[in-house]
Amino acid sequence: MNSALTTQVGQLARRSVIRTLRQPAQIVPSLIFPMFLLAVNSGGLKSVTNLPGFPPDSYLTFALAITFMQGALFSVINSGTDLARDIETGFLNRMALTPLRGAALLSGLLAGSLMLGLMQALAYLIVGLAFGAELTAGAGGFVVIIALSVCVTVAFGTIGLFAALRTGSGEAVQGLFPVFFVFLFLSSMALPLNLIETPWFHTVASINPVSYLLQAFRSLLIEGWEPGKIALGFGIAAALFALGMLGASSALKTRLVRT
Amino acid sequence: MSPADRHPTAGFRTVARAVAWRSIHNFLNNKALLIPALIFPLFFFASFAGGLSAVGNVPGFDFPSGYTAFQYCFVLLQSAAFGGVFTGFGIARDFETGFGRRYLLAATDRRGIIAGYGLAALARAFVTWGVLTAVALVAGMQIGGSGIDLVGMYTLAILVNITATLWASGVALRIRSIQAGPLMQLPVFLILFLAPVYVPLSLLSGWIHAVASVNPVTALLEAARGFISGDPTVIGLAFALGIVLPIAFAIWSRGGLRRAEAAG
Amino acid sequence: MAAGSSVDGTANSAGIEAVGLVREFKKGPRAVDGINLRVEPGEIYGFLGPNGAGKSTTVLMLTTLLPPTAGTAKVAGFDIVSEGPRVRSAIGAALQEAALDPLLTGNEHMRLQTALHGLGKAEREERGRELLARVGLTKAADRKVGGYSGGMKRRLDLALALAHQPRILFLDEPTTGLDIQSRTALWEEVARLAREDGVTVFLTTQYLEEADALADRVGIIDHGHIVAEGTPTELKAEIGRPTVEAVPCDPGERERTAGVLARFGEPGDAGTKGAAVLLAGGGTELAEVVRALDAEGIAIETLQLHAPSLDDVFLAKTGRSLEGAEEATEEADDARAEAAEAA
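None of these values were measured; they are calculated from a predicted model.

Definitions and cut-offs
Residues numbered from 1 in each chain as written. Chains lettered and ligands numbered in written order. Predicted model: local features only at pLDDT ≥ 70, side-chain atom pairs only at ≥ 80, totals over all residues. Helix = DSSP H or I, 4+ residues; strand = E, 2+ residues; numbered from the N terminus. Rg over C-alpha atoms; globule rule 2.2 N^0.38 Å. Buried ≥ 20, exposed ≤ 12 C-beta atoms within 10 Å, placed from the backbone. Contact = placed C-beta atoms within 7 Å. Nonpolar A, V, L, I, M, F, W, Y, C, P; charged D, E, K, R; others polar. Axes fitted to C-alpha atoms, helices over the stretch in contact; angles between N-to-C directions. Parallel < 35°, antiparallel > 145°, perpendicular 65-115°, else oblique. Left-handed = near helix turned anticlockwise from the far one by under 90°. Domains from an automatic or database assignment. Core = buried A, V, L, I, M, F, W, Y, C linked by C-beta atoms within 7 Å. Pairing = 2+ DSSP bridges. Expected span 1.5 Å × (residues − 1). pLDDT = per-residue confidence, 0-100.

A. The overall build of chain A, seen in detail. Helices and strands together make up the secondary structure of chain A, namely eleven helices and zero strands. Of the regular secondary structure in chain A, the N- to C-terminal order runs α-α-α-α-α-α-α-α-α-α-α. The C-alpha radius of gyration computed for chain A amounts to 19 Å, which stays within 12% of the reference 18 Å derived for 259 residues, consistent with globular compactness. With respect to the three principal axes, the spread of C-alpha positions in chain A is 65 × 40 × 35 Å. Put simply, chain A has 259 residues, and 51% of those count as buried. In chain A, the share of contacts with a sequence separation of at least 24, taken over all contacts with a separation of at least 6, comes to 81%.

B. Spotlight on the overall build of chain C. Tallying secondary structure elements over chain C gives 13 helices and 14 strands in all. Split into buried and exposed, the 343 residues of chain C put 46% on the buried side. Pairs at least 24 residues apart make up 68% of the contacts formed inside chain C by residues separated by at least 6 positions.

C. Quick peek at unusual backbone geometry. Residues and elements named next belong to chain C. Although it is not a glycine, Gln-165 sits at a positive phi angle of roughly 55°. Note on placement: Gln-165 falls in the loop between helix H5 (150-161) and strand S7 (168-172). With 13 C-beta atoms counted inside 10 Å, the residue Gln-165 sits in the partly exposed group. In this model, Glu-173 sits at a positive phi of 45°, which is unusual for a non-glycine residue. Assignment of secondary structure puts Glu-173 in the loop between S7 and helix H6 (180-197).

D. Molecular detail of the interface of chain B and chain A. Facing 25 residues of chain B, the contacting portion of chain A comprises 22 residues. Counting only elements with at least two residues in the side of chain B that touches chain A, the list comes to helix H3 (31-51) and helix H9 (207-214) of chain B. Top contributing element to the side of chain B that touches chain A by residue count: H3 of chain B, with seven residues. Tallied by class, residues from the side of chain B that touches chain A come to 18 nonpolar, seven polar and no charged.

E. Structural context of the packing of helix H7 (residues 147-175) of chain B against helix H11 (residues 235-263) of chain B. Residues and elements named next belong to chain B. For the pair H7 and H11, the least separation of the axes is 8 Å and the interaxial angle reads 25°. Judged by the angle between their axes, H7 and H11 are roughly parallel. Like other packed secondary-structure pairs, H7 and H11 cross with a definite hand, here left-handed. Here the contact of H7 with H11 is built from residues that sort into 15 nonpolar, eight polar and two charged.

F. Spotlight on the interface of chain C and chain A. Counting residues at the interface gives 24 residues for chain C, matched by 23 residues for chain A. By residue class, the composition of the side of chain C that touches chain A is 15 nonpolar, six polar and three charged.

G. A look at the domain arrangement of chain C. Under the domain assignment used here, chain C contains domain 1 (16-235) and domain 2 (241-306). On a C-alpha basis, the centroid separation for the pair domain 1 of chain C and domain 2 of chain C is 44 Å.

H. Local environment of the nonpolar core. Of all hydrophobic cores here, the largest spans 251 residues; its most connected members are Leu-77, Leu-220 and Ala-224 of chain B together with Val-75 of chain C. If we ignore the near neighbours within four places in the chain, the residues touching Leu-220 of chain B are Leu-77, Leu-156, Val-160, Ala-238, Leu-241 and Gly-242 of chain B. Ranked by size, the runner-up nonpolar core spans ten residues in total, among them Val-244, Ala-275, Ala-276 and Val-289 of chain C.

I. How the structure looks around the sheet that holds strand S12 (residues 265-267) of chain C. Residue and element names in this part refer to chain C. The four strands lie next to each other as S12-S13-S11-S14, forming an open sheet whose pairing is antiparallel. The two strands at the open ends of the sheet, each matched to only one other strand, are S12 and strand S14 (300-306). Neighbour-to-neighbour, the strand axes of this sheet turn through a mean angle of 25°, independent of strand direction. Relative to strand S13 (residues 275-279), S12 is paired through three bridges, and the arrangement is antiparallel. Considered in S13, the bridge of Pro-267 is made with Val-277. Sheet contacts for helix H9 (residues 254-261): strand S11 (243-248), S12 and S13; angle to S13, the most-contacted strand, approximately 5°.

J. Examining the pairing of S11 of chain C more closely. Residues and elements named next belong to chain C. Within S11, five of the six residues are buried, leaving the element largely enclosed by the surrounding structure. Here S11 pairs with S13 via four bridges, running antiparallel. Pairing of Glu-245 across the sheet is with Ala-276, part of S13.

K. Just the environment of Leu-109 of chain A, in detail. All names here are of chain A. Position of Leu-109 relative to the elements: it lies in helix H5 (residues 102-130). For the pair formed by Leu-109 and Val-17, sequence separation is 92 residues and the distance between their alpha carbons is 8.4 Å. Sequence-distant contacts of Leu-109, defined by excluding residues within four places in its chain, comprise Leu-12, Ser-16, Ser-79, Leu-83 and Leu-161.

L. Helix H3 (residues 59-89) of chain A, seen in detail. Residue and element names in this part refer to chain A. Taking 1.5 Å as the rise per residue, H3 with 31 residues should run 45 Å; its terminal C-alpha atoms sit 45 Å apart, in good agreement. Most of H3 sits out of view: 27 of its 31 residues are buried. Gly-90 occupies a position one or two residues after H3 and carries a positive phi of about 90°.

M. Seen up close, the environment of Lys-229 of chain A. Residues and elements named next belong to chain A. For Lys-229, the position within the fold is in helix H11 (residues 227-255). The class of Lys-229 is partly exposed, set by 16 C-beta atoms lying within 10 Å. Spatially, the C-alpha atom of Lys-229 lies 15 Å from that of Thr-136, the residues being 93 residues apart in sequence. Aside from chain neighbours lying at most four places away, what touches Lys-229 is Gln-215, Ala-216 and Ser-219.

N. Seen up close, helix H8 (residues 176-185) of chain A. Buried within H8 of chain A are the following residues: Leu-176, Phe-180 and Phe-185 of chain A. Considering only its buried residues, H8 of chain A is in contact with H3, helix H6 (138-167) and helix H7 (170-174) of chain A together with H3 of chain B.

O. Seen up close, the sheet that holds strand S9 (residues 217-222) of chain C. Residue and element names in this part refer to chain C. Here six strands make up an open sheet; going across it, the order is S6-S7-S8-S3-S9-S10 and the pairing mixed. Bordering the open sheet on either side are strand S6 (91-94) and strand S10 (225-230), each of which pairs with just one other strand. Along the sheet, successive strands turn relative to each other by an average axial angle of 15°, direction set aside. In this structure, S6 lies alongside S7, joined through four bridges in parallel fashion. Looking across to S7, one finds that Ile-91 is bridged to Ile-168. Its contacts with the sheet put H5 on S6 and S7, and the angle it makes with S6 is roughly 165°. Packing against the sheet, helix H11 (residues 310-318) makes contact with strand S3 (44-48), S9 and S10, and its axis sits at approximately 45° to S9.

P. Here's a closer look at the confidence of the model for chain C. All names here are of chain C. Looking at chain C as a whole, the pLDDT averages 85, with 90% of positions reaching at least 70. Every residue in residues 1-9 scores below 50 in pLDDT, and together they form twelve contacts with partners more than four places removed in sequence or on other chains. With pLDDT under 50 throughout, residues 338-343 is counted as low confidence; its partners more than four residues away or in other chains account for ten contacts. In the predicted complex, the global pTM is 0.77; the interface-specific ipTM is 0.76.

Q. Here's a closer look at the packing of helix H6 (residues 111-138) of chain B against H7 of chain B. Residues and elements named next belong to chain B. The interhelical angle for the contact between H6 and H7, taken along N-to-C directions, is 135°, at an axis separation of 10 Å. The orientation of H6 with respect to H7, classified from their angle, is oblique. Between H6 and H7 the crossing geometry is right-handed. For the pair H6 and H7, contact is made by Ile-114, Tyr-117, Gly-118, Ala-121, Leu-122, Ala-125 and Trp-129 and by Ala-157, Ile-158, Asn-161, Ile-162, Thr-165 and Ser-169, respectively. For the contact of H6 with H7, a count of residues per class yields nine nonpolar, four polar and no charged.

This is the structure:
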């Protein structure tokens, strides 16, 4: 039984990775777009480093954390549209006629997200460092940032799967992009929490889990090793993953009504 | 009199009205179109004006009407531009599904089709701006400009909307598929964000200052900000661009229409 | 086998039996409204009906992808509700959409499908090669499916449905949108599967000639009910006998022509120029009619055989022809689609 599940996950993971690699339209924007915004924002908000209490001297270092979150956003859309396409074309029905288990389907689909997350994280970090961003946590921090980024990307990928299974429509999944984009904005994305003056915005940003994910990345870039902040970041990613998988599994049961 | 002679022909205005009616009707009756058009600019406004309000304390930032009004102008022009792009999405979808062919067959004066879409884009923009302005005023936005200044500001926004619609329609009519979406959207996004979005031009430095200095959106944005603060600036350049750009993109769009006609 | 009795319920069965099968959608009409059918092992059963009649919904239930609202069915001897996984292990299905991933190659599809069915690595490769060769896709096997023609996609779809050697094959409108050549090739393969491999085939179609050419027995469905069932010949014979209409070259020979034709059956309805007869012995008598006319020295300008078609059967049973039925069921189709989405 275990070997059948392993085979299923393996085959679906393989398909997910192949599909992702064969869609440059998925990979290129998710690499280019965050780095473009990084360049624009670090140039446009450079003067913000003059504000008393702003952590680093370099806005580039501060803003680099945002790219990982934007990459995760693309993961929602890419994993969701791939699965939505399977639903729309009937490919999910084809798989439903095999002994495939729901858990295997979801796990396999996330392999593409994992691979994309890895590519993104390496690209952002290498380019950021090349342009002068700091990495106070050093070589170890490099590895942890990559790991955290992959975890966050996969966690967000589960949200994409949930959306696809719930709606069955690629267009509906694409419609989530602005929603999540906005969700990203309502955080400590552009300024640290202590410098957000508008009370309601400060409240929203304080409860937005994205702020603490950003904090985890920034702690490695700016401060060095802050175990509490790093653990909180991984914990939030794990919680998002669990919630996303729960939602996706439930939606899969409804979508795949086979007897 | 032959049947063809008896059949009434629809001129430019009639066609434009008919096309505009359908687009506006669909926009107002389709939550999937209406809600994002309203929500997205509001969230940008909230994020920039709310989340970045501390930027108003940066040494050298001395915009008289405050950071909220500063960001309002950017979101106004951004929503104008993206309203045009989303209208382009609708055109692409219409031509992909074959509905565009229905327009081409029925309309005597086909330029009215583009005009109709343009009217619809403006109508959508007015709805969005109405909501955005109301929210901005509730949020305490200060307006230093007079009524004429505000007319000037909204006129610039209208011109930006028209320009973006003509740009997007030209792409949509050439490609005639919703896959043209990123091609319509990306240049607009780039040109908007390579402008003084967060701080005035004088507080930018390095490559971004160089790029923003030659970016036409910078003049439009600075003029809008000048209007709202009651200190009009670069209005000559802004309105010159506001006239030249729509003309240039009207030619672009007309070329797209010819391609669509040739494709049948 | 007595009516109402089930087919052999052991794991070796390759038949289908449905009793009172119903599928209702929330806030919608009944897409399937009490279907009883039985398909014998090794038979090709054609399920004929216009769009929106309930064909695909029936297939989805029998392949366990949609639970029935009421009624029972056994496929390959297994209950479709309580023994879903066992049903799926015994069947293959090529549903209405080709359901292929445009980014994967034919080989990659085959590898995935065989692996998901639990075939071992060596067996997967051999089976994949064999099936792709059988459907004529060996050369295209390493190309992405996005570049395949419609006919190639359907052939790959069929090959994938056969990956695990199912006893029963469901084909839901397999030739819709295909050109004549591709359609004929698919018919030949389906006929061969039944004839040589003993696969039971449940085929839905809206094409009369497809049901006529392929099916051993046909069930005609309309508005969720089976309105007629039998072999194509039986069904057509129920409606009427074939008519021969002959128009002589010399209009003056019309009466003599009618006299010759009268030897073969009752007079039929002819135009003003010719004579017609309802053949008592069926279409096989046509040669005799020709010989008789020739023996009398009557030169014939046109000779036509009008045989009842399955469309005539549909018309007799429902009051509409199959083509006309499409427009009439459009509303029902839309309602069903909306209801399915809401569900």
